[in-house]
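Results of the structural survey
The primary structure of each chain is shown beneath.
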Amino acid sequence: MKQIVGRKMGMTEVFAADGTMYAVTVVEVLPNVVTQVKTVEKDGYAALQVGFEEKKESKVNSAERGHFAKAGVKATKVLAEVKGDELAGYKVGDAITADIFKAGDVVDVTGTSKGRGYAGTIKRWGHKIGPKGHGSGYHRGQGSFANNGRNNARVIPGKKMSGHHGNLSATILNLKVVESNAEKNYILIKGAVPGPKKSLVTIRSAVKAQLGQPEVIKELVSYETNEVKGE
C-alpha cells in the first residue's frame with residue numbers, strides 16, 4: 001500500500017481520444033518531503049512523516065524550525081503521516097511525488113466533509129418526515145426517545161438527534177486514477193472526493209478487493225501544442 005497527501009482543487013471534465021468523458025476531481029499533489037521516519041523499534045509503528053506545501057520562514061516557530069533543520073528540509077505548512085509497505089525505501093529528505101500512482105490505479109480518498117452547521121434529524125440522518133395533512137401538527141420532529149422500557153429515565157447513547165452536521169473525516173472507496181502528472185503536480189481522480197475546495201485529502205491504495213472486470217481508463221487527449229500564436 002502507498003499514500004500521498006494533496007489538496008482538492010475542484011472538479012472538471014477531461015476527454016479520451018475516442019470521445020469518452022471523465023468527470024474528475026483535480027488534486028494538487030506537491031512533493032511530499034519526508035521529514036521523519038518512524039520505526040517499530042523506536043515509535044511502536046512504522047510510518048513516514050511528510051511535509052506538504054512550503055511555509056515562509058517568518059511564520060515558523062522555534063520548535064518547528066529545529067524539527068525541519070534536523071531533517072535538513074524547508075519548513076512546510078502541513079505535517080502528516082503516511083503509511084504503506086511500498087514507502088519503506090524512503091529516507092529523510094526524499095520526496096514522494098504524484099507519479100507514485102498511475103492511470104487506472106484504484107484508490108481510497110480521505111478528507112474532511114463539508115460542514116453544514118446545525119441540522120435536524122431529517123437532514124442529518126435521513127429520518128422520514130411526518131404527515132402534512134389530516135390535521136397533523138407533527139412534521140419535522142425527531143420522534144420518541146423511549147427505548148422499550150429499558151431505563152427510560154435517560155437518553156441512550158447513540159440516539160440520532162439534531163446537531164452539528166458534517167465537518168467529519170470521510171473516506172470514499174474504490175475511485176479510479178485517470179491521470180497523474182509529477183511535472184505539473186496533479187492527480188485526476190474519477191468522481192467526487194470529500195471536502196470543500198482547497199481542503200487537504202489523503203490518497204491511498206484501495207484496501208478492499210476489486211471484484212469483476214476492472215474498468216480500463218483510456219488515454220486522454222492532450223491539448224498542448226508547440227505552435228506559437230500569430231505564426
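This text goes with the structure placed above it.
Overview of the structure. (Residues numbered from 1 in each chain as written. Predicted model: local features only at pLDDT ≥ 70, side-chain atom pairs only at ≥ 80, totals over all residues. Heavy atoms only, no water.)

**As for the overall build of the chain**
Inclusion rule: The numbering of helices and of strands both runs from the N terminus, where a helix is a DSSP run of H or I of at least 4 residues and a strand a run of E of at least 2. As defined in this context, the radius of gyration uses C-alpha atoms, and a globule is described by 2.2 Å times the residue total to the power 0.38. Three exposure classes are used, based on accessible area relative to the maximum for each residue type with a 1.4 Å probe and protein chains only: buried under 20%, partly exposed in between, and exposed over 50%. Residues are treated as being in contact if the distance between any of their heavy atoms lies within 4.5 Å. Per-residue and other accessible areas follow the Shrake-Rupley method at a 1.4 Å probe size, with only the shown protein chains counted as cover for residues. We score Asp and Glu as negative and Lys and Arg as positive, and we do not count His or the chain ends. For charged residues, the charge sits on one atom: NZ in Lys, CZ in Arg, CG in Asp, CD in Glu.
Summing up its helical and strand segments, the chain has three helices and 12 strands in all. Taken over the C-alpha trace, the chain has a radius of gyration of 24 Å; the compact-globule value for 231 residues is 17 Å, which it surpasses by more than 25%. Each of the three principal axes of the chain carries a C-alpha extent, and together these read 75 × 55 × 40 Å. Each of the 231 residues in the chain was classed as buried or not, and the buried ones make up 30%. Sequence separation of at least 24 residues holds for 70% of the intrachain contacts in the chain that already meet a minimum separation of 6. A total accessible area of about 14,600 Å² is found for the chain, and carbon and sulfur atoms account for 52% of it. Each charge sign in the chain was given a centre, from 35 positive and 23 negative side chains, and these centres are 16 Å apart.

**So, the pattern of salt bridges**
This is how it is decided: We count a salt bridge whenever a side-chain nitrogen from Lys or Arg sits within 4 Å of a carboxyl oxygen from Asp or Glu.
One pass over the full model with this rule turns up eight salt bridges. The partner of Lys38 in a salt bridge is Glu81, and the shortest N-O contact between them spans 2.7 Å. Of this pair, Lys38 sits in strand E3 (residues 32–38) while Glu81 sits in strand E5 (residues 76–82), and the two are 43 residues apart along the sequence. Among the residues examined, Lys38 registers a relative accessible area of 15% and is labelled buried.

**Things to note about the pairing of E3**
For the record, the criterion: Whether two strands pair comes down to DSSP finding at least two bridges between them.
Relative to strand E6 (residues 95–96), E3 runs antiparallel, the two sharing two bridges. Paired with Val33 across the strands is Ala95, a residue of E6. As judged from the five bridges shared by E3 and strand E4 (residues 47–54), these two strands associate in the antiparallel manner. By the bridge assignment, Val37 is partnered in E4 with Leu48.

**Side note on the side chain of Gln3**
Considering the arrangement of structural elements, one finds Gln3 in strand E1 (residues 3–15). With sequence-adjacent residues up to four places away left out, Gln3 is seen in contact with Glu81, Val82, Lys83, Leu87, Ile96, Ile100, Thr202, Ile203 and Arg204.

**Some thoughts on a positive patch on the surface**
How we decide: Note on patches: the residues involved have over 30% relative accessible area and no salt bridge, like charges join within 9 Å, and the nonpolar side chains Val, Leu, Ile, Met, Phe, Trp and Tyr join within 5 Å.
A surface patch of positive charge is lined by Lys114, Arg116, Lys123, Lys197 and Lys198. Positionally, Arg116 belongs in the loop between strand E7 (106–112) and strand E8 (118–119).

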